[in-house]
Amino acid sequence: MLSPSTIDSINFLAKQINIYFGLFILILGIIGGLINIIIFTTLKTFRKTSCAFYLMMASIFNVGELISGAFTTILKIGFDIDPTELSYLCKIRMFLVQWFSLLSVTSMCLASIDQFLLVKYQYLTSLKLAISFITIACLIWSIHGIFFVLFWNSIDGVCSITNITFDMYITYFHFPILLGFLPLTIMILCSFPAFINARKLASRQINIIRLSCDRQLTAMTLSQIAFIVITTIPFITNYIFLLNMNSTDKESNARMYLVHTITTYVYYTTYTNSFYIYCFVSKRFRKQFIYVLINVHLQRYNQQRNRLNNNQVQPTKVGTSIEQIPKKNDDITLY
(Lines give C-alpha, C1' and ligand atoms only; values in the text may rest on other atoms or scores of the structure.)
Protein backbone atom coordinates (compact mmCIF):
# COMPACT_ATOMS: atom_id res chain seq x y z
CA MET A 1 0.00 0.00 0.00
CA LEU A 2 1.44 3.34 -1.04
CA SER A 3 1.56 6.20 1.44
CA PRO A 4 -0.42 9.39 0.72
CA SER A 5 2.84 11.21 -0.01
CA THR A 6 3.79 8.59 -2.63
CA ILE A 7 0.38 8.86 -4.28
CA ASP A 8 0.77 12.65 -4.34
CA SER A 9 4.19 12.19 -5.94
CA ILE A 10 2.72 10.02 -8.68
CA ASN A 11 0.00 12.59 -9.35
CA PHE A 12 2.62 15.34 -9.35
CA LEU A 13 4.72 13.38 -11.86
CA ALA A 14 1.67 12.98 -14.12
CA LYS A 15 1.05 16.72 -13.93
CA GLN A 16 4.66 17.50 -14.86
CA ILE A 17 4.40 15.16 -17.84
CA ASN A 18 1.29 17.08 -18.92
CA ILE A 19 3.13 20.38 -18.70
CA TYR A 20 6.61 19.71 -20.01
CA PHE A 21 6.22 16.77 -22.36
CA GLY A 22 2.87 18.14 -23.50
CA LEU A 23 4.32 21.56 -24.35
CA PHE A 24 7.31 19.90 -26.01
CA ILE A 25 5.24 17.85 -28.45
CA LEU A 26 2.80 20.75 -28.95
CA ILE A 27 5.54 23.15 -30.05
CA LEU A 28 7.38 20.57 -32.16
CA GLY A 29 4.12 19.44 -33.76
CA ILE A 30 2.92 22.91 -34.73
CA ILE A 31 6.32 23.92 -36.12
CA GLY A 32 6.74 20.66 -38.05
CA GLY A 33 3.18 20.73 -39.34
CA LEU A 34 3.49 24.29 -40.62
CA ILE A 35 6.79 23.46 -42.35
CA ASN A 36 5.12 20.46 -44.01
CA ILE A 37 2.31 22.65 -45.28
CA ILE A 38 4.77 25.21 -46.67
CA ILE A 39 6.82 22.54 -48.46
CA PHE A 40 3.84 20.69 -49.92
CA THR A 41 2.22 23.90 -51.18
CA THR A 42 5.43 25.48 -52.52
CA LEU A 43 6.89 22.72 -54.69
CA LYS A 44 5.13 21.99 -57.96
CA THR A 45 6.13 18.32 -57.74
CA PHE A 46 3.99 17.89 -54.62
CA ARG A 47 1.14 20.12 -55.78
CA LYS A 48 0.44 17.71 -58.65
CA THR A 49 0.50 14.49 -56.60
CA SER A 50 -2.48 12.94 -54.83
CA CYS A 51 -0.41 11.26 -52.09
CA ALA A 52 1.36 14.54 -51.29
CA PHE A 53 -2.06 16.20 -51.09
CA TYR A 54 -3.19 13.63 -48.50
CA LEU A 55 0.00 14.16 -46.48
CA MET A 56 -0.44 17.94 -46.64
CA MET A 57 -4.07 17.69 -45.47
CA ALA A 58 -3.00 15.33 -42.68
CA SER A 59 -0.48 17.97 -41.57
CA ILE A 60 -3.22 20.62 -41.48
CA PHE A 61 -5.52 18.38 -39.45
CA ASN A 62 -2.65 17.40 -37.14
CA VAL A 63 -1.96 21.04 -36.28
CA GLY A 64 -5.68 21.54 -35.64
CA GLU A 65 -5.81 18.48 -33.38
CA LEU A 66 -2.79 19.63 -31.37
CA ILE A 67 -4.31 23.07 -30.79
CA SER A 68 -7.86 21.92 -30.03
CA GLY A 69 -6.90 18.74 -28.15
CA ALA A 70 -3.39 18.77 -26.68
CA PHE A 71 -3.23 22.50 -25.93
CA THR A 72 -6.54 22.58 -24.04
CA THR A 73 -5.57 19.42 -22.13
CA ILE A 74 -2.29 21.03 -21.07
CA LEU A 75 -4.15 24.13 -19.90
CA LYS A 76 -6.67 22.09 -17.91
CA ILE A 77 -4.43 19.51 -16.23
CA GLY A 78 -1.11 21.32 -16.15
CA PHE A 79 -2.19 24.87 -15.29
CA ASP A 80 -5.71 24.38 -13.87
CA ILE A 81 -7.16 26.56 -16.62
CA ASP A 82 -10.24 24.90 -18.08
CA PRO A 83 -11.89 26.86 -20.92
CA THR A 84 -14.45 24.05 -21.32
CA GLU A 85 -16.13 25.12 -18.08
CA LEU A 86 -18.20 27.28 -20.41
CA SER A 87 -20.81 25.20 -22.21
CA TYR A 88 -20.28 26.61 -25.69
CA LEU A 89 -16.50 26.17 -25.46
CA CYS A 90 -17.02 22.58 -24.31
CA LYS A 91 -19.16 21.88 -27.38
CA ILE A 92 -16.75 23.64 -29.78
CA ARG A 93 -13.73 21.80 -28.37
CA MET A 94 -15.31 18.36 -28.59
CA PHE A 95 -16.51 19.02 -32.15
CA LEU A 96 -13.06 20.16 -33.27
CA VAL A 97 -11.17 17.38 -31.47
CA GLN A 98 -13.24 14.62 -33.10
CA TRP A 99 -13.25 16.42 -36.48
CA PHE A 100 -9.49 16.92 -36.71
CA SER A 101 -8.58 13.50 -35.31
CA LEU A 102 -10.92 11.61 -37.64
CA LEU A 103 -9.83 13.64 -40.67
CA SER A 104 -6.18 13.04 -39.81
CA VAL A 105 -6.54 9.25 -39.72
CA THR A 106 -8.79 9.39 -42.79
CA SER A 107 -6.10 11.27 -44.71
CA MET A 108 -3.46 8.71 -43.75
CA CYS A 109 -5.78 5.83 -44.67
CA LEU A 110 -6.38 7.45 -48.06
CA ALA A 111 -2.61 7.96 -48.48
CA SER A 112 -1.98 4.27 -47.78
CA ILE A 113 -4.73 3.25 -50.22
CA ASP A 114 -3.26 5.66 -52.77
CA GLN A 115 0.12 3.93 -52.50
CA PHE A 116 -1.55 0.53 -52.73
CA LEU A 117 -3.26 1.54 -56.01
CA LEU A 118 -0.22 3.30 -57.47
CA VAL A 119 1.08 0.55 -59.77
CA LYS A 120 -1.98 -1.23 -61.20
CA TYR A 121 -4.72 1.36 -60.75
CA GLN A 122 -2.96 4.66 -61.23
CA TYR A 123 -6.08 6.28 -62.71
CA LEU A 124 -7.63 6.07 -59.21
CA THR A 125 -4.81 8.15 -57.71
CA SER A 126 -5.49 11.46 -59.43
CA LEU A 127 -5.36 14.77 -57.59
CA LYS A 128 -8.94 15.55 -58.58
CA LEU A 129 -10.20 12.38 -56.91
CA ALA A 130 -8.07 13.08 -53.84
CA ILE A 131 -9.66 16.51 -53.41
CA SER A 132 -13.11 14.94 -53.79
CA PHE A 133 -12.38 12.24 -51.19
CA ILE A 134 -11.13 14.77 -48.63
CA THR A 135 -14.13 17.02 -49.27
CA ILE A 136 -16.51 14.10 -48.72
CA ALA A 137 -14.65 13.12 -45.55
CA CYS A 138 -14.95 16.68 -44.22
CA LEU A 139 -18.71 16.60 -44.80
CA ILE A 140 -19.16 13.16 -43.22
CA TRP A 141 -17.19 13.98 -40.07
CA SER A 142 -18.92 17.37 -39.82
CA ILE A 143 -22.27 15.58 -39.69
CA HIS A 144 -20.79 13.12 -37.21
CA GLY A 145 -19.68 16.09 -35.09
CA ILE A 146 -23.23 17.40 -34.75
CA PHE A 147 -23.87 14.70 -32.16
CA PHE A 148 -20.88 15.93 -30.16
CA VAL A 149 -22.37 19.41 -30.12
CA LEU A 150 -25.74 18.03 -29.01
CA PHE A 151 -24.60 15.58 -26.35
CA TRP A 152 -21.58 17.27 -24.79
CA ASN A 153 -22.20 19.99 -22.22
CA SER A 154 -20.58 21.65 -19.25
CA ILE A 155 -22.28 20.43 -16.06
CA ASP A 156 -21.10 22.08 -12.85
CA GLY A 157 -17.99 23.23 -14.69
CA VAL A 158 -17.15 19.78 -16.06
CA CYS A 159 -17.34 19.09 -19.81
CA SER A 160 -19.08 15.73 -20.07
CA ILE A 161 -21.54 13.64 -22.09
CA THR A 162 -25.21 14.11 -21.23
CA ASN A 163 -26.66 11.15 -23.14
CA ILE A 164 -26.17 7.53 -21.97
CA THR A 165 -26.49 6.01 -25.45
CA PHE A 166 -23.96 8.42 -26.92
CA ASP A 167 -21.65 7.72 -23.98
CA MET A 168 -21.74 4.01 -24.86
CA TYR A 169 -21.01 4.87 -28.51
CA ILE A 170 -17.97 6.93 -27.50
CA THR A 171 -16.75 4.31 -25.06
CA TYR A 172 -17.14 1.16 -27.14
CA PHE A 173 -16.93 2.35 -30.75
CA HIS A 174 -15.54 5.85 -31.31
CA PHE A 175 -12.24 5.47 -29.47
CA PRO A 176 -11.40 1.76 -29.78
CA ILE A 177 -12.79 1.19 -33.30
CA LEU A 178 -13.13 4.45 -35.24
CA LEU A 179 -9.84 5.92 -34.02
CA GLY A 180 -8.15 2.61 -33.28
CA PHE A 181 -8.60 -0.77 -34.89
CA LEU A 182 -10.39 0.31 -38.09
CA PRO A 183 -7.84 2.84 -39.43
CA LEU A 184 -4.92 0.73 -38.17
CA THR A 185 -6.28 -2.29 -40.03
CA ILE A 186 -6.73 -0.31 -43.25
CA MET A 187 -3.26 1.21 -43.06
CA ILE A 188 -1.55 -2.09 -42.24
CA LEU A 189 -3.38 -4.05 -44.96
CA CYS A 190 -2.54 -1.43 -47.59
CA SER A 191 1.04 -0.87 -46.44
CA PHE A 192 2.36 -4.34 -47.17
CA PRO A 193 1.23 -4.36 -50.84
CA ALA A 194 2.40 -0.74 -51.13
CA PHE A 195 5.85 -1.78 -49.92
CA ILE A 196 5.95 -4.51 -52.58
CA ASN A 197 4.76 -2.02 -55.19
CA ALA A 198 7.55 0.37 -54.19
CA ARG A 199 10.09 -2.29 -55.13
CA LYS A 200 8.47 -2.58 -58.55
CA LEU A 201 8.62 1.13 -59.29
CA ALA A 202 12.23 0.95 -60.43
CA SER A 203 11.28 -1.33 -63.31
CA ARG A 204 8.51 0.94 -64.57
CA GLN A 205 9.08 2.86 -67.81
CA ILE A 206 8.15 6.29 -66.51
CA ASN A 207 9.72 9.70 -66.23
CA ILE A 208 12.68 9.67 -63.84
CA ILE A 209 11.36 12.70 -61.95
CA ARG A 210 7.97 11.05 -61.39
CA LEU A 211 9.68 7.81 -60.39
CA SER A 212 11.80 9.59 -57.77
CA CYS A 213 8.76 11.41 -56.41
CA ASP A 214 6.67 8.22 -56.21
CA ARG A 215 9.37 6.32 -54.37
CA GLN A 216 9.96 9.24 -52.01
CA LEU A 217 6.27 9.57 -51.15
CA THR A 218 5.97 5.81 -50.64
CA ALA A 219 8.84 5.83 -48.14
CA MET A 220 7.42 8.87 -46.33
CA THR A 221 3.90 7.45 -46.17
CA LEU A 222 4.88 3.96 -45.00
CA SER A 223 7.24 5.35 -42.34
CA GLN A 224 4.53 7.64 -41.04
CA ILE A 225 2.02 4.77 -40.95
CA ALA A 226 4.47 2.58 -39.05
CA PHE A 227 4.87 5.29 -36.42
CA ILE A 228 1.10 5.76 -36.17
CA VAL A 229 0.65 2.05 -35.49
CA ILE A 230 3.40 2.04 -32.85
CA THR A 231 2.03 5.07 -30.98
CA THR A 232 -1.68 4.22 -31.25
CA ILE A 233 -1.60 0.61 -30.03
CA PRO A 234 -0.45 1.48 -26.45
CA PHE A 235 -3.17 4.13 -26.15
CA ILE A 236 -5.94 1.83 -27.37
CA THR A 237 -4.66 -1.07 -25.24
CA ASN A 238 -4.61 1.08 -22.12
CA TYR A 239 -8.04 2.49 -22.98
CA ILE A 240 -9.54 -1.01 -23.22
CA PHE A 241 -7.81 -1.97 -19.98
CA LEU A 242 -9.36 1.02 -18.20
CA LEU A 243 -12.81 0.03 -19.46
CA ASN A 244 -12.51 -3.22 -17.54
CA MET A 245 -11.18 -1.61 -14.37
CA ASN A 246 -13.52 -0.38 -11.66
CA SER A 247 -11.20 0.30 -8.76
CA THR A 248 -11.76 2.60 -5.79
CA ASP A 249 -8.24 2.07 -4.50
CA LYS A 250 -6.30 5.34 -4.53
CA GLU A 251 -3.03 3.55 -5.20
CA SER A 252 -4.36 1.78 -8.31
CA ASN A 253 -6.06 4.94 -9.54
CA ALA A 254 -2.86 6.97 -9.20
CA ARG A 255 -0.87 4.42 -11.16
CA MET A 256 -3.53 4.08 -13.84
CA TYR A 257 -3.72 7.86 -14.16
CA LEU A 258 0.05 8.04 -14.67
CA VAL A 259 -0.01 5.30 -17.33
CA HIS A 260 -3.00 6.96 -19.00
CA THR A 261 -1.15 10.30 -19.11
CA ILE A 262 1.95 8.71 -20.66
CA THR A 263 0.02 6.71 -23.29
CA THR A 264 -2.12 9.75 -24.14
CA TYR A 265 0.87 11.94 -24.93
CA VAL A 266 2.61 9.10 -26.75
CA TYR A 267 -0.55 8.97 -28.86
CA TYR A 268 -0.40 12.74 -29.41
CA THR A 269 3.06 12.29 -30.95
CA THR A 270 1.11 10.79 -33.87
CA TYR A 271 0.11 14.36 -34.72
CA THR A 272 3.61 15.72 -34.05
CA ASN A 273 6.19 13.61 -35.83
CA SER A 274 5.43 13.68 -39.56
CA PHE A 275 7.91 16.40 -40.59
CA TYR A 276 10.71 14.85 -38.55
CA ILE A 277 9.99 11.36 -39.91
CA TYR A 278 10.02 12.67 -43.47
CA CYS A 279 13.38 14.35 -42.88
CA PHE A 280 14.79 11.18 -41.31
CA VAL A 281 13.73 8.72 -44.02
CA SER A 282 14.12 10.92 -47.11
CA LYS A 283 17.33 12.68 -48.08
CA ARG A 284 15.42 14.22 -50.97
CA PHE A 285 12.89 15.75 -48.55
CA ARG A 286 15.72 17.28 -46.52
CA LYS A 287 17.08 18.90 -49.67
CA GLN A 288 13.60 20.13 -50.57
CA PHE A 289 13.20 21.63 -47.09
CA ILE A 290 16.48 23.56 -47.44
CA TYR A 291 15.55 24.60 -50.98
CA VAL A 292 12.16 25.97 -49.92
CA LEU A 293 13.56 27.68 -46.83
CA ILE A 294 16.58 29.35 -48.46
CA ASN A 295 16.13 29.45 -52.24
CA VAL A 296 12.46 30.39 -52.19
CA HIS A 297 11.19 32.08 -49.04
CA LEU A 298 14.43 33.63 -47.83
CA GLN A 299 14.98 35.12 -51.29
CA ARG A 300 11.43 36.45 -51.31
CA TYR A 301 12.01 38.00 -47.88
CA ASN A 302 15.23 39.62 -49.10
CA GLN A 303 13.41 40.89 -52.15
CA GLN A 304 10.74 42.56 -50.03
CA ARG A 305 13.35 44.01 -47.70
CA ASN A 306 15.29 45.45 -50.66
CA ARG A 307 12.12 47.00 -52.01
CA LEU A 308 11.43 48.67 -48.69
CA ASN A 309 15.01 49.90 -48.35
CA ASN A 310 15.32 51.21 -51.90
CA ASN A 311 11.68 52.12 -52.43
CA GLN A 312 11.87 50.54 -55.87
CA VAL A 313 12.00 47.10 -57.49
CA GLN A 314 15.55 45.87 -57.92
CA PRO A 315 15.93 43.54 -60.96
CA THR A 316 18.33 41.23 -59.14
CA LYS A 317 18.61 37.50 -59.11
CA VAL A 318 17.29 37.53 -55.57
CA GLY A 319 13.96 38.73 -56.90
CA THR A 320 13.26 35.75 -59.10
CA SER A 321 10.15 33.72 -58.50
CA ILE A 322 10.08 30.03 -57.69
CA GLU A 323 9.29 29.21 -61.31
CA GLN A 324 12.26 31.35 -62.51
CA ILE A 325 14.91 30.09 -60.11
CA PRO A 326 17.46 28.16 -62.19
CA LYS A 327 17.68 24.50 -61.33
CA LYS A 328 21.12 23.00 -61.63
CA ASN A 329 22.57 19.60 -60.96
CA ASP A 330 20.00 17.49 -59.13
CA ASP A 331 17.61 20.39 -58.49
CA ILE A 332 15.59 19.53 -61.58
CA THR A 333 14.78 16.11 -60.13
CA LEU A 334 13.89 17.55 -56.73
CA TYR A 335 11.24 20.09 -57.52
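All chains use their own residue numbering, which begins from 1 and follows the written sequence. A pLDDT threshold of at least 70 governs which residues receive local features in this predicted model, and a stricter bar of 80 or more applies before side-chain atom pairs are shown or counted, although totals over entire chains, interfaces and linings include all residues. Based on all heavy atoms of the structure, the side-chain values leave hydrogens and waters out of the count.

Under the convention used in this document: UniProt positions are given in the numbering used here, feature names are shortened, and annotations may be inferred rather than shown by experiment.
In the nomenclature of an unreviewed UniProt entry, the protein is known as G-protein coupled receptors family 1 profile domain-containing protein of Adineta steineri. The Subcellular location (unreviewed entry) comment attached to the protein in UniProt states, word for word, "Membrane".

**As for the pairing of strand E1 (residues 152-155)**
Convention followed: Buried means the residue's accessible area, taken with a 1.4 Å probe over protein chains only, is under 20% of the maximum for its type, while exposed means over 50%, and partly exposed covers the values in between. Here a helix means four or more residues in a row that DSSP labels H or I, a strand means two or more in a row labelled E, and each is numbered from the N terminus. Here, strands pair whenever DSSP counts at least two bridges between them.
The alternating pattern of E1 places Trp 152 and Ser 154 on a buried face and Asn 153 and Ile 155 on a face that is not buried. Of the pairings in the sheet, the one linking E1 to strand E2 (residues 158-161) comprises four bridges and is antiparallel in character. Across the sheet, the residue bridging to Trp 152 is Ile 161, located in E2. Linkage of E1 to E2, two consecutive antiparallel strands, is achieved through a turn of two residues, within which Asp 156 is found at a positive phi near 55°.

**Comments concerning the packing of helix H3 (residues 50-79) against helix H8 (residues 250-268)**
So the rule is basically this: What counts as an axis is a line fitted to C-alpha atoms, over the stretch in contact for a helix, and the angles between N-to-C directions run from 0 to 180 degrees. The cut-offs work like this: below 35 degrees is roughly parallel, past 145 is roughly antiparallel, 65 to 115 is roughly perpendicular, and the gaps in between are oblique. By convention the crossing between two helices is left-handed if the near helix lies anticlockwise of the far one by an angle smaller than a right angle, and right-handed if it lies clockwise. We call two residues in contact whenever any of their non-hydrogen atoms come within 4.5 Å of each other. Gly counts as polar in this scheme, as do all residues outside two lists: the nonpolar Ala, Val, Leu, Ile, Met, Phe, Trp, Tyr, Cys and Pro, and the charged Asp, Glu, Lys and Arg.
Two elements in contact, H3 and H8, have axes separated by 12 Å at closest approach and are oriented at 155°. By the angle between their axes, H3 is roughly antiparallel relative to H8. Of the two elements, H3 crosses H8, and the hand of that crossing is left-handed. From H3, Glu 65, Leu 66, Gly 69, Ala 70, Thr 73, Ile 74 and Ile 77 reach across to H8, where they touch Tyr 257, Tyr 265 and Tyr 268. Along the lines of polarity and charge, the residues of the contact of H3 with H8 split into seven nonpolar, two polar and one charged.

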